[in-house]
Amino acid sequence: MPDTRSLSPARLARWITIVTASIIATLACWQDPGYARDELRLTIAHDGRGTVRLDVARAGGGPPDGEVAATVRARGFAGGTVDPRPMRATSAGSLVLDGTLPPGRWTVDIDVTVDGAPSPDGSCAATLTVGPDEPAESVVCAPLVTTPAGVPGGRGLADSRPLAITAGAVGLLFAAVMGGALLRRRAAGH
């Protein structure tokens, strides 16, 4: 049976490299959950008669975290416009345009903010047809990526690099101490 206490320098170097690389890779990829970003699903809905509603929900379901605000503007194909105006919250994640759009085809643009911070992807646009016999319709927009309240700029992987480097250095130091202890044990055992 081979002596498991003895360790060749090459084997020790491989062991130190594997442990250190594992520690650095784990810490470099680790994102603090407090810096997580949230995906929201935006849906413009209207009843066919000019009432416009925006529904905002988390991608996994449920209402969004934080206060949602929206501003709507509309351009009619026949030339009418609706100047930018805020939408009124009716429930968690649901906002409605006060008033109705006149009959005709409309391009509706809605800009969304969460906790007062606009997102670069924070808009939703749809073409709606309004009339007495028009059917209700819904338009789902691309997901809106937001940052939770109190988190500046969605910190995550890029801002965790100093932590990863520090932890990697600590890992290297630990591996060197362990390697030194194993070498001393090997030298004392012969």
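An account of the accompanying structure is given in this report. The model shown is predicted, which means the values in this text are computed figures rather than measured ones.

**Topic: the side chain of Thr43**
Argument step 1. Note on placement: Thr43 falls in strand β1 (residues 38–46).
Argument step 2. Beyond its immediate stretch of four places on either side in the chain, Thr43 contacts Arg53, Leu54, Asp55, Ser138, Val139 and Val140.

**Topic: the packing of aromatic side chains**
Argument step 1. A complete count under the given rule lists 0 aromatic pairs for this structure.
Argument step 2. The aromatic ring of Phe77 is capped on one face by Arg105, whose charged end is 4.8 Å from the ring centroid.

**As for the pairing of strand β3 (residues 68–76)**
Residues in a regular strand point their side chains to alternate faces of the sheet.
Argument step 1. What you see with β3 is a clean split: Val68, Ala70, Val72, Ala74 and Gly76 sit on the buried side and Ala69, Thr71, Arg73 and Arg75 on the side with no burial.
Argument step 2. Of the strand pairs in this sheet, β3 and strand β7 (residues 104–114) are connected by 9 bridges, and their pairing is antiparallel. Paired with Ala69 across the bridge in β7 is Thr113.
Argument step 3. Here β3 pairs with strand β4 (residues 81–86) via 4 bridges, running antiparallel. Considered in β4, the bridge of Val72 is made with Arg85.
Argument step 4. Linking two consecutive strands that pair antiparallel, namely β3 and β4, is a turn of 4 residues; a positive phi of about 110° is found at Gly79 within it.

**Let's talk about the environment of Glu67**
Argument step 1. Summarising the element assignment, Glu67 is placed in the loop between β2 (52–58) and β3.
Argument step 2. In this structure the C-alpha to C-alpha distance between Glu67 and Gly93, which are 26 residues apart in sequence, comes to 8.5 Å.
Argument step 3. Not counting chain neighbours up to four residues away, the residues in contact with Glu67 comprise Thr113, Val114 and Asp115.

**Details of a nonpolar patch on the surface**
Argument step 1. A surface patch of nonpolar side chains, about 280 Å² in accessible area, is lined by Trp15, Phe174 and Met178.
Argument step 2. As for its placement among the helices and strands, Phe174 is situated in helix α2 (residues 161–189).

**Thoughts on the environment of Ser138**
Argument step 1. Here Ser138 shows up in strand β9 (residues 137–140).
Argument step 2. Under the relative-accessibility criterion, Ser138 is labelled exposed at 51%.
Argument step 3. The residues contacting Ser138, other than those within four sequence positions of it, are Thr43, Ile44 and Ala45.

**Focus on the nonpolar core**
Argument step 1. Core analysis: the largest hydrophobic core is formed by 25 residues, its most contacted members being Ile44, Val52, Leu54, Met87, Leu101, Val108 and Ile110.
Argument step 2. Secondary-structure elements contributing two or more residues to this core are β1, β2, β3, β7 and β8 (117–130).
Argument step 3. Counting residues per element, this core draws most heavily on β7, which supplies 5 residues.
Argument step 4. If near-sequence neighbours (up to four positions away) are discounted, Leu101 is found in contact with Arg49, Gly50, Val52, Ala74, Val82, Trp106, Val108 and Val130.

Cut-offs applied
- Residues numbered from 1 in each chain as written.
- Predicted model: local features only at pLDDT ≥ 70, side-chain atom pairs only at ≥ 80, totals over all residues.
- Heavy atoms only, no water.
- Helix = DSSP H or I, 4+ residues; strand = E, 2+ residues; numbered from the N terminus.
- Contact = heavy atoms within 4.5 Å.
- Phe/Tyr/Trp six-rings, centres within 6.5 Å; stacked < 30°, edge-to-face > 60°.
- Lys NZ or Arg CZ within 6 Å of the ring centre and 35° of its normal.
- Buried < 20%, exposed > 50% of the residue type's maximum accessible area, 1.4 Å probe, protein only.
- Pairing = 2+ DSSP bridges.
- Patch = residues over 30% accessible without salt bridge, like charges linked within 9 Å, V, L, I, M, F, W, Y side chains within 5 Å.
- Areas by Shrake-Rupley, 256 points an atom, 1.4 Å probe, with all protein chains shown as cover.
- Salt bridge = Lys/Arg side-chain N within 4 Å of Asp/Glu carboxyl O.
- Core = buried A, V, L, I, M, F, W, Y, C linked by side-chain atoms within 4.5 Å.

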